[in-house]
Amino acid sequence: MDEQTADELEATTLALKQLGLNSGATVVGVAAASAFNEYVPEGHRPSDFMPGAKSVVVAGSLGPSNAAWQSPNRRLMEITGYDFRENVASLVMAEHIETVHGYQAMQAPALPTSGQHPPMSMMLAAVLAGLGTRSIAANIILHPTYGLLYYAAAITTMPLVPDHQLEDNVCPARSCVKMYELEGKTPCMAVCPADDGGCIDATIDDGEITSSYFNRERCSTRAMNFGIRGHIKQVELLTAADDIDEAKAVLYSDDFRRNLSSVGRYKESVAQCFECMRVCPVGRYRRKLK
Ligand code: SF4
Ligand code: SF4
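Quick look at the structure, then. (Residues numbered from 1 in each chain as written. Chains lettered and ligands numbered in written order. Predicted model: local features only at pLDDT ≥ 70, side-chain atom pairs only at ≥ 80, totals over all residues. Heavy atoms only, no water.)

1. Describing the site of ligand 2
Now for step 1: In the vicinity of ligand 2, the contacting residues are S135, I136, A137, C171, A173, C176, T186, P187, C188, C280, P281 and V282.
Now for step 2: Looking at side-chain class alone, the shell around ligand 2 contains 10 nonpolar, 2 polar and no charged residues. (Near = heavy atom within 4 Å. Nonpolar A, V, L, I, M, F, W, Y, C, P; charged D, E, K, R; others polar.)

Structure below.
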(Lines give C-alpha, C1' and ligand atoms only; values in the text may rest on other atoms or scores of the structure.)
(Ligands and ions follow the chains in the order given, each with its own letter.)
Protein backbone atom coordinates (compact mmCIF):
# COMPACT_ATOMS: atom_id res chain seq x y z
CA MET A 1 0.00 0.00 0.00
CA ASP A 2 1.33 3.45 -0.94
CA GLU A 3 2.44 5.76 1.84
CA GLN A 4 0.10 8.74 2.15
CA THR A 5 1.34 12.30 2.51
CA ALA A 6 0.34 14.18 5.67
CA ASP A 7 -2.29 16.11 3.68
CA GLU A 8 -3.72 12.92 2.20
CA LEU A 9 -3.85 11.31 5.64
CA GLU A 10 -5.68 14.35 6.98
CA ALA A 11 -8.15 14.25 4.09
CA THR A 12 -8.72 10.49 4.52
CA THR A 13 -9.33 10.96 8.25
CA LEU A 14 -11.80 13.78 7.65
CA ALA A 15 -13.66 11.79 4.99
CA LEU A 16 -13.95 8.81 7.34
CA LYS A 17 -15.30 11.02 10.12
CA GLN A 18 -17.84 12.49 7.73
CA LEU A 19 -18.94 8.98 6.78
CA GLY A 20 -19.50 8.22 10.48
CA LEU A 21 -21.54 11.41 10.88
CA ASN A 22 -23.60 10.57 7.78
CA SER A 23 -24.22 7.11 9.25
CA GLY A 24 -25.87 8.41 12.41
CA ALA A 25 -23.06 9.49 14.73
CA THR A 26 -23.38 12.90 16.38
CA VAL A 27 -19.61 13.18 16.85
CA VAL A 28 -16.61 11.19 15.61
CA GLY A 29 -13.05 11.30 16.95
CA VAL A 30 -9.86 9.33 16.44
CA ALA A 31 -7.43 7.99 19.05
CA ALA A 32 -4.07 6.38 18.43
CA ALA A 33 -4.33 2.69 19.39
CA SER A 34 -1.09 3.00 21.37
CA ALA A 35 -2.61 5.77 23.54
CA PHE A 36 -4.54 3.11 25.49
CA ASN A 37 -1.33 1.49 26.75
CA GLU A 38 -0.73 4.19 29.34
CA TYR A 39 -4.17 3.75 30.94
CA VAL A 40 -5.25 0.11 30.76
CA PRO A 41 -3.46 -3.22 31.35
CA GLU A 42 -2.77 -5.83 28.72
CA GLY A 43 -5.93 -7.60 27.65
CA HIS A 44 -7.89 -4.35 27.36
CA ARG A 45 -5.89 -2.58 24.66
CA PRO A 46 -6.84 -2.34 20.97
CA SER A 47 -3.78 -4.38 19.98
CA ASP A 48 -5.04 -7.26 22.16
CA PHE A 49 -7.98 -7.61 19.78
CA MET A 50 -6.21 -6.65 16.58
CA PRO A 51 -2.44 -7.14 16.44
CA GLY A 52 -0.93 -4.22 14.56
CA ALA A 53 -3.84 -1.87 15.42
CA LYS A 54 -2.93 1.73 14.66
CA SER A 55 -6.11 3.73 15.19
CA VAL A 56 -9.41 3.68 17.06
CA VAL A 57 -12.27 5.59 15.46
CA VAL A 58 -14.86 6.56 18.07
CA ALA A 59 -18.49 7.42 17.29
CA GLY A 60 -20.78 9.10 19.82
CA SER A 61 -24.51 9.53 19.47
CA LEU A 62 -27.35 11.14 21.37
CA GLY A 63 -29.76 8.79 23.08
CA PRO A 64 -33.29 9.94 23.80
CA SER A 65 -34.43 13.06 21.94
CA ASN A 66 -34.46 16.46 23.62
CA ALA A 67 -38.22 16.27 24.14
CA ALA A 68 -37.88 12.87 25.83
CA TRP A 69 -35.52 14.42 28.39
CA GLN A 70 -38.23 16.96 29.24
CA SER A 71 -41.18 14.58 29.43
CA PRO A 72 -43.10 14.91 32.71
CA ASN A 73 -43.30 11.11 32.68
CA ARG A 74 -39.86 10.15 34.02
CA ARG A 75 -40.29 6.52 32.91
CA LEU A 76 -40.50 7.44 29.23
CA MET A 77 -36.70 7.53 29.07
CA GLU A 78 -36.54 3.90 30.18
CA ILE A 79 -38.28 2.56 27.14
CA THR A 80 -37.66 4.85 24.24
CA GLY A 81 -35.12 6.68 22.19
CA TYR A 82 -32.07 4.48 22.11
CA ASP A 83 -31.26 2.96 18.74
CA PHE A 84 -27.54 2.20 18.70
CA ARG A 85 -26.68 4.67 15.96
CA GLU A 86 -23.12 4.85 17.27
CA ASN A 87 -22.82 1.11 16.68
CA VAL A 88 -24.14 1.42 13.15
CA ALA A 89 -21.75 4.30 12.45
CA SER A 90 -18.74 2.38 13.79
CA LEU A 91 -19.61 -0.68 11.71
CA VAL A 92 -20.12 1.40 8.54
CA MET A 93 -16.72 3.04 9.07
CA ALA A 94 -15.07 -0.34 9.69
CA GLU A 95 -16.56 -1.79 6.51
CA HIS A 96 -15.50 1.27 4.55
CA ILE A 97 -11.92 0.98 5.80
CA GLU A 98 -11.75 -2.67 4.73
CA THR A 99 -13.47 -2.36 1.36
CA VAL A 100 -12.13 1.01 0.21
CA HIS A 101 -8.74 1.29 1.91
CA GLY A 102 -7.80 -2.37 2.27
CA TYR A 103 -6.85 -2.21 5.96
CA GLN A 104 -8.24 -4.45 8.70
CA ALA A 105 -11.02 -2.92 10.75
CA MET A 106 -13.57 -4.20 13.25
CA GLN A 107 -15.99 -2.98 15.87
CA ALA A 108 -14.36 -2.65 19.27
CA PRO A 109 -15.73 -5.06 21.91
CA ALA A 110 -17.73 -2.84 24.24
CA LEU A 111 -20.16 -5.15 26.05
CA PRO A 112 -18.98 -7.12 29.10
CA THR A 113 -18.27 -10.77 28.42
CA SER A 114 -18.25 -11.43 32.18
CA GLY A 115 -18.96 -9.26 35.22
CA GLN A 116 -19.41 -5.54 34.68
CA HIS A 117 -16.21 -4.69 32.84
CA PRO A 118 -16.17 -4.56 29.04
CA PRO A 119 -13.12 -5.96 27.21
CA MET A 120 -12.39 -2.43 25.97
CA SER A 121 -13.52 0.80 27.60
CA MET A 122 -15.56 3.05 25.33
CA MET A 123 -15.36 5.75 28.00
CA LEU A 124 -11.58 5.75 27.73
CA ALA A 125 -11.82 5.61 23.93
CA ALA A 126 -14.02 8.72 23.92
CA VAL A 127 -11.60 10.59 26.21
CA LEU A 128 -8.54 9.61 24.14
CA ALA A 129 -10.35 10.65 20.95
CA GLY A 130 -10.91 14.13 22.38
CA LEU A 131 -14.68 13.79 22.62
CA GLY A 132 -15.15 14.45 26.33
CA THR A 133 -13.90 14.11 29.88
CA ARG A 134 -15.03 12.14 32.95
CA SER A 135 -17.58 13.80 35.17
CA ILE A 136 -18.46 13.66 38.83
CA ALA A 137 -21.82 12.10 37.91
CA ALA A 138 -21.23 8.36 37.71
CA ASN A 139 -17.97 9.01 35.83
CA ILE A 140 -20.08 9.63 32.72
CA ILE A 141 -18.07 11.15 29.88
CA LEU A 142 -19.41 14.60 29.09
CA HIS A 143 -18.99 16.06 25.63
CA PRO A 144 -18.58 19.86 25.91
CA THR A 145 -21.48 20.55 23.54
CA TYR A 146 -23.80 17.58 23.96
CA GLY A 147 -23.13 16.31 27.47
CA LEU A 148 -24.04 12.61 27.78
CA LEU A 149 -23.47 10.60 24.60
CA TYR A 150 -23.34 6.86 23.90
CA TYR A 151 -20.10 5.57 22.40
CA ALA A 152 -18.91 2.79 20.10
CA ALA A 153 -15.63 2.43 18.24
CA ALA A 154 -13.84 0.70 15.40
CA ILE A 155 -10.27 -0.60 15.69
CA THR A 156 -8.16 -0.55 12.55
CA THR A 157 -4.64 -1.18 11.26
CA MET A 158 -5.09 1.95 9.15
CA PRO A 159 -3.04 4.97 10.15
CA LEU A 160 -5.25 8.02 10.76
CA VAL A 161 -4.63 11.46 12.24
CA PRO A 162 -5.48 11.19 15.97
CA ASP A 163 -7.35 13.94 17.77
CA HIS A 164 -5.97 15.58 20.89
CA GLN A 165 -7.53 14.92 24.26
CA LEU A 166 -9.53 17.91 25.50
CA GLU A 167 -7.34 20.34 27.41
CA ASP A 168 -10.07 21.52 29.77
CA ASN A 169 -12.29 19.32 31.89
CA VAL A 170 -15.93 19.64 30.90
CA CYS A 171 -16.99 18.92 34.49
CA PRO A 172 -17.55 20.80 36.71
CA ALA A 173 -19.43 23.38 34.63
CA ARG A 174 -19.01 26.98 35.71
CA SER A 175 -22.51 27.12 37.19
CA CYS A 176 -21.77 23.92 39.15
CA VAL A 177 -18.64 25.50 40.65
CA LYS A 178 -20.71 28.51 41.75
CA MET A 179 -23.34 26.24 43.30
CA TYR A 180 -20.62 24.21 45.05
CA GLU A 181 -19.09 27.39 46.51
CA LEU A 182 -22.47 28.45 47.86
CA GLU A 183 -23.97 25.14 48.93
CA GLY A 184 -21.13 22.60 49.04
CA LYS A 185 -22.83 20.54 46.31
CA THR A 186 -23.15 20.50 42.55
CA PRO A 187 -26.51 19.66 40.91
CA CYS A 188 -25.63 15.97 40.44
CA MET A 189 -24.39 15.69 44.04
CA ALA A 190 -27.57 17.36 45.28
CA VAL A 191 -29.84 14.97 43.39
CA CYS A 192 -27.98 11.79 44.40
CA PRO A 193 -25.93 12.56 47.55
CA ALA A 194 -23.68 9.74 48.76
CA ASP A 195 -24.13 10.89 52.36
CA ASP A 196 -27.89 10.59 52.13
CA GLY A 197 -28.59 7.28 50.40
CA GLY A 198 -27.26 8.33 46.98
CA CYS A 199 -24.18 7.57 44.94
CA ILE A 200 -22.22 10.76 44.23
CA ASP A 201 -19.78 12.89 46.21
CA ALA A 202 -16.86 15.14 45.30
CA THR A 203 -14.73 18.03 46.41
CA ILE A 204 -13.89 20.97 44.17
CA ASP A 205 -11.14 23.49 44.67
CA ASP A 206 -10.46 26.45 42.44
CA GLY A 207 -12.85 25.07 39.83
CA GLU A 208 -11.14 21.66 39.62
CA ILE A 209 -12.27 18.30 40.97
CA THR A 210 -9.93 17.39 43.83
CA SER A 211 -11.67 14.15 44.83
CA SER A 212 -14.70 12.25 43.68
CA TYR A 213 -16.67 9.25 44.88
CA PHE A 214 -19.18 7.16 42.99
CA ASN A 215 -21.02 4.21 44.53
CA ARG A 216 -21.34 2.10 41.41
CA GLU A 217 -23.00 -0.87 43.10
CA ARG A 218 -25.72 1.28 44.61
CA CYS A 219 -26.24 3.11 41.34
CA SER A 220 -26.55 -0.11 39.36
CA THR A 221 -29.34 -1.37 41.64
CA ARG A 222 -31.30 1.76 40.77
CA ALA A 223 -30.30 2.45 37.21
CA MET A 224 -29.79 -1.04 35.79
CA ASN A 225 -32.69 -3.24 36.80
CA PHE A 226 -33.64 -4.56 33.41
CA GLY A 227 -31.51 -6.59 31.07
CA ILE A 228 -29.41 -9.68 31.66
CA ARG A 229 -28.83 -9.13 35.38
CA GLY A 230 -32.49 -8.38 35.96
CA HIS A 231 -33.49 -11.49 34.07
CA ILE A 232 -31.18 -13.63 36.22
CA LYS A 233 -32.83 -12.21 39.35
CA GLN A 234 -36.25 -13.12 37.95
CA VAL A 235 -35.15 -16.68 37.14
CA GLU A 236 -33.82 -16.97 40.69
CA LEU A 237 -37.22 -15.92 42.04
CA LEU A 238 -38.90 -18.38 39.70
CA THR A 239 -36.79 -21.34 40.77
CA ALA A 240 -37.37 -20.48 44.44
CA ALA A 241 -41.17 -20.34 44.06
CA ASP A 242 -42.98 -22.67 46.47
CA ASP A 243 -45.91 -23.47 44.22
CA ILE A 244 -47.37 -22.83 40.79
CA ASP A 245 -49.30 -19.76 41.93
CA GLU A 246 -46.12 -18.12 43.22
CA ALA A 247 -44.31 -19.05 40.01
CA LYS A 248 -47.14 -17.57 37.93
CA ALA A 249 -46.99 -14.35 39.92
CA VAL A 250 -43.34 -14.00 38.85
CA LEU A 251 -43.89 -15.17 35.26
CA TYR A 252 -46.75 -12.78 34.53
CA SER A 253 -45.29 -9.79 36.38
CA ASP A 254 -44.34 -6.53 34.65
CA ASP A 255 -40.74 -7.06 35.73
CA PHE A 256 -40.50 -10.44 34.02
CA ARG A 257 -41.97 -9.07 30.79
CA ARG A 258 -39.71 -6.01 30.80
CA ASN A 259 -36.63 -8.10 31.44
CA LEU A 260 -37.47 -10.42 28.58
CA SER A 261 -38.17 -7.47 26.34
CA SER A 262 -34.87 -5.84 27.24
CA VAL A 263 -32.88 -9.04 26.74
CA GLY A 264 -34.60 -9.71 23.40
CA ARG A 265 -34.43 -6.23 21.98
CA TYR A 266 -31.74 -4.70 24.20
CA LYS A 267 -33.83 -1.58 24.21
CA GLU A 268 -35.40 -1.27 27.64
CA SER A 269 -32.12 -2.06 29.34
CA VAL A 270 -30.27 1.20 28.87
CA ALA A 271 -31.08 2.79 32.23
CA GLN A 272 -33.86 3.43 34.69
CA CYS A 273 -32.37 6.52 36.27
CA PHE A 274 -31.17 9.62 34.47
CA GLU A 275 -31.49 12.08 37.35
CA CYS A 276 -27.83 13.10 37.66
CA MET A 277 -27.77 13.85 33.91
CA ARG A 278 -31.20 15.48 33.93
CA VAL A 279 -29.87 18.19 36.24
CA CYS A 280 -26.45 18.51 34.59
CA PRO A 281 -26.10 21.85 32.80
CA VAL A 282 -23.68 20.54 30.15
CA GLY A 283 -25.58 20.35 26.88
CA ARG A 284 -28.88 21.10 28.59
CA TYR A 285 -29.45 24.35 26.70
CA ARG A 286 -29.76 22.23 23.57
CA ARG A 287 -32.83 20.52 25.01
CA LYS A 288 -34.86 23.73 25.10
CA LEU A 289 -37.11 23.63 22.04
CA LYS A 290 -40.41 25.23 21.03
S1 SF4 B 1 -27.88 7.24 37.53
FE2 SF4 B 1 -29.28 7.72 39.22
S3 SF4 B 1 -28.60 6.41 40.92
FE4 SF4 B 1 -26.91 6.48 39.42
S5 SF4 B 1 -25.59 8.18 40.05
FE6 SF4 B 1 -27.05 9.04 38.58
S7 SF4 B 1 -28.74 9.82 39.84
FE8 SF4 B 1 -27.55 8.39 41.12
S1 SF4 C 1 -23.94 18.51 37.23
FE2 SF4 C 1 -22.03 19.70 37.17
S3 SF4 C 1 -20.68 18.60 38.56
FE4 SF4 C 1 -22.33 17.19 38.02
S5 SF4 C 1 -21.61 16.07 36.21
FE6 SF4 C 1 -22.73 17.81 35.44
S7 SF4 C 1 -21.12 19.37 35.15
FE8 SF4 C 1 -20.27 17.83 36.49
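2. Overview of the pairing of strand β8 (residues 200-205)
Moving residue by residue along a regular strand, the side chains alternate between the two faces of the sheet.
Now for step 1: Residues I200, A202 and I204 point to one face of β8 and are all buried, whereas D201, T203 and D205, pointing to the other face, are not buried.
Now for step 2: Where β8 lies against strand β9 (residues 208-214), 6 bridges are found, and the strand directions are antiparallel. In the sheet register, D201 faces β9, and the bridge partner there is Y213.
Now for step 3: The turn linking β8 back onto β9 is made up of 2 residues, and D206 within it adopts a positive phi angle of 55°. (Buried < 20%, exposed > 50% of the residue type's maximum accessible area, 1.4 Å probe, protein only. Helix = DSSP H or I, 4+ residues; strand = E, 2+ residues; numbered from the N terminus. Pairing = 2+ DSSP bridges.)

3. A few points about the state of the cysteines
Now for step 1: Counted under the stated rule, the structure contains 0 disulfides.
Now for step 2: Left without a disulfide partner, C199 is nearest to the cysteine sulfur of C192, which lies 3.7 Å away. (Disulfide = S-S within 2.5 Å.)

4. A few points about the pattern of salt bridges
Now for step 1: A full pass over the atoms with the stated rule returns 3 salt bridges.
Now for step 2: Residues E275 and R74 are paired through a salt bridge, measuring 3.5 Å at the closest nitrogen-oxygen approach. In this pair, E275 is assigned in helix α13 (residues 275-278) and R74 in the loop between α3 (66-70) and α4 (76-79), connecting sequence segments 201 residues apart.
Now for step 3: Among the salt bridges present, the one from R278 reaches E275, with a minimum N-O distance of 3.2 Å. Taken together, the residues span about one helical turn, with R278 and E275 both in helix α13 at a distance of 3 residues.
Now for step 4: Since its relative accessible area comes to 10%, R278 is described here as buried.
Now for step 5: Overlapping salt bridges bring together R74, E275 and R278 as one network. (Salt bridge = Lys/Arg side-chain N within 4 Å of Asp/Glu carboxyl O.)

Nothing here speaks to function; it is geometry throughout.
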